[in-house]
Amino acid sequence: MTRLLPYSLMCAGLFGLWLLLNQSLAPGHILLGGLIAMAGGWALTRVELPAAHVRRLTAILHLSGLVVADIVRSNIAVLRIILGVAGHQRRSGFVDIPLELRNPYGLAALACIITSTPGTLWVDFDAARGVLTIHVLDLIDDEEWRCTVKGRYEKLLLEIFA
Amino acid sequence: MTETAELPAWVAALTALLLLLGAVVTLVGAVGLLRLRSFYERVHAPTLGTTLGTAAIALASMICFSALEGRPVLHALLIVVFITITTPVSLMILVRAASLRDKAEGKLQAPGADSPA
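Attention in this report is confined to the structure presented alongside it. (Residues numbered from 1 in each chain as written. Chains lettered and ligands numbered in written order. Predicted model: local features only at pLDDT ≥ 70, side-chain atom pairs only at ≥ 80, totals over all residues.)

**Structural notes on the overall build of chain A**
Here is the rule we go by: Numbering of helices and strands runs from the N terminus; a helix is a DSSP stretch of H or I covering at least four residues, while a strand is a stretch of E covering at least two. As a reference, a globule follows 2.2 Å times the number of residues to the power 0.38, and the radius of gyration itself is taken over C-alpha atoms. The exposure scheme places C-beta atoms from the backbone and then counts, for each residue, the other C-beta atoms within 10 Å of its own, assigning buried at 20 or more, exposed at 12 or fewer, and partly exposed in between. Two residues qualify as being in contact provided that their C-beta atoms, derived from the backbone, are within 7 Å of each other.
Scanning chain A from terminus to terminus reveals five helices and three strands. The order of helices and strands in chain A, counted from the N terminus, is α-α-α-β-α-β-β-α. Rg of the C-alpha trace for chain A: 20 Å, well past the compact-globule value of 15 Å for 162 residues, more than 25% over. Each of the three principal axes of chain A carries a C-alpha extent, and together these read 60 × 40 × 25 Å. Buried residues in chain A amount to 30% of all 162 residues. For chain A, long-range pairs separated by at least 24 residues make up 71% of all intrachain contacts whose partners lie at least 6 apart in sequence.

Printed below as a string of structure tokens:
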């Protein structure tokens, strides 16, 4: 299976992308999409990307739910800060977070989560020390952010990309 | 504008509401880009537009065209997916360039050193 269809997740993604773009479930498009997905998978073997193994669908759904809720909540928080109705003295700064996560896809997912939630920004990841640096717009407590990233996101990402 | 007449009122209202929400959130993000103090604070602001702003406008598009054509029209979803995947790349490049320069100029010891920038 892996030889016939390398990077099966990426292939499935390409297939879905093709059908969505063409907005069709006609047999012709399914066939064409399948061919494109297979060609894409084979092309990726040339790049020699590390293989991604994703497990625990429930963890993925749980994480997606958390992230959507956090995005809406932090949008509102940043909205209030910009409009000047946050009502307290604000301080922004950097927070160092030691991570256990080493999987490149897991880290990429974490980068998407952190930049997608307004108010937090991915600054740097020191791969040698395994320390992530983020910038927080409304920094009240460093420790609180460490707990949020580690407890809320990293734990689930470790489960997904175990 | 013959097509809008066929749109049920509640769909039109929902679409308008979501469009307005997305536009307002994006506008506030743009205002934040002007108003916030330091570079690191300013780069936070546009992410309002790339998250909730884009999502609301894409949702409005999906609802409106699904109602007009009487079938699910979901390809606007791809806009949200690709913006979510690509935003971190450009933001990271900007921020790392800034922190590299600040470190070289000695304004910043190292990102993460306990002094607030």
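**Quick notes on the interface of chain A and chain B**
Applied cut-off: Think of it as three bins: nonpolar holds Ala, Val, Leu, Ile, Met, Phe, Trp, Tyr, Cys and Pro, charged holds Asp, Glu, Lys and Arg, and polar takes everything else, Gly as well.
Tallying the contact residues gives 29 residues for chain A and 32 residues for chain B. Secondary-structure elements contributing two or more residues to the side of chain A that touches chain B are α1 (8-22), α3 (57-83), β1 (93-98), α4 (104-116), β2 (120-126) and β3 (131-136) of chain A. For the side of chain A that touches chain B, the element with the highest residue contribution is α3(A), accounting for seven residues. Class assignment of the residues belonging to the side of chain A that touches chain B gives a composition of 17 nonpolar, nine polar and three charged.

**Describing the packing of helix α2 (residues 9-35) of chain B against helix α4 (residues 47-69) of chain B**
Residue and element names in this part refer to chain B. Where we set the bar: The axes are straight lines fitted to the C-alpha atoms, using for helices just the contacting stretch, and the angles between their N-to-C directions are given from 0 to 180°. Each angle is binned into one of four classes, with values under 35 degrees roughly parallel, values over 145 roughly antiparallel, values of 65 to 115 roughly perpendicular, and all other values oblique. Whether a crossing is left-handed or right-handed is set by the direction in which the near helix is turned from the far one by less than a right angle, anticlockwise for left-handed and clockwise for right-handed.
The interhelical angle for the contact between α2 and α4, taken along N-to-C directions, is 160 degrees, at an axis separation of 8 Å. Classified by the angle between their axes, α2 and α4 sit roughly antiparallel to one another. The crossing of α2 and α4 is left-handed. On the side of α2, the interface is formed by Val11, Leu14, Thr15, Leu18, Leu19, Leu21, Gly22, Val25, Thr26, Val28 and Gly29, while α4 contributes Leu48, Gly49, Leu52, Gly53, Ala56, Ile57, Leu59, Ala60, Ile63, Cys64 and Ala67. Residue composition of the contact of α2 with α4, grouped by class: 16 nonpolar, six polar and no charged.

**Some words on α1(A)**
All names here are of chain A. Note the threshold: Take the number of residues in a helix, subtract one, and multiply by 1.5 Å to get its expected span.
For α1, built from 15 residues, the straight-helix expectation of 21 Å at 1.5 Å per residue is met to within 8% by its first-to-last C-alpha distance of 21 Å. In the core, the buried residues of α1 are packed alongside α2 (27-47). Immediately downstream of α1, the backbone of Gln23 shows phi near 50 degrees, a positive value.

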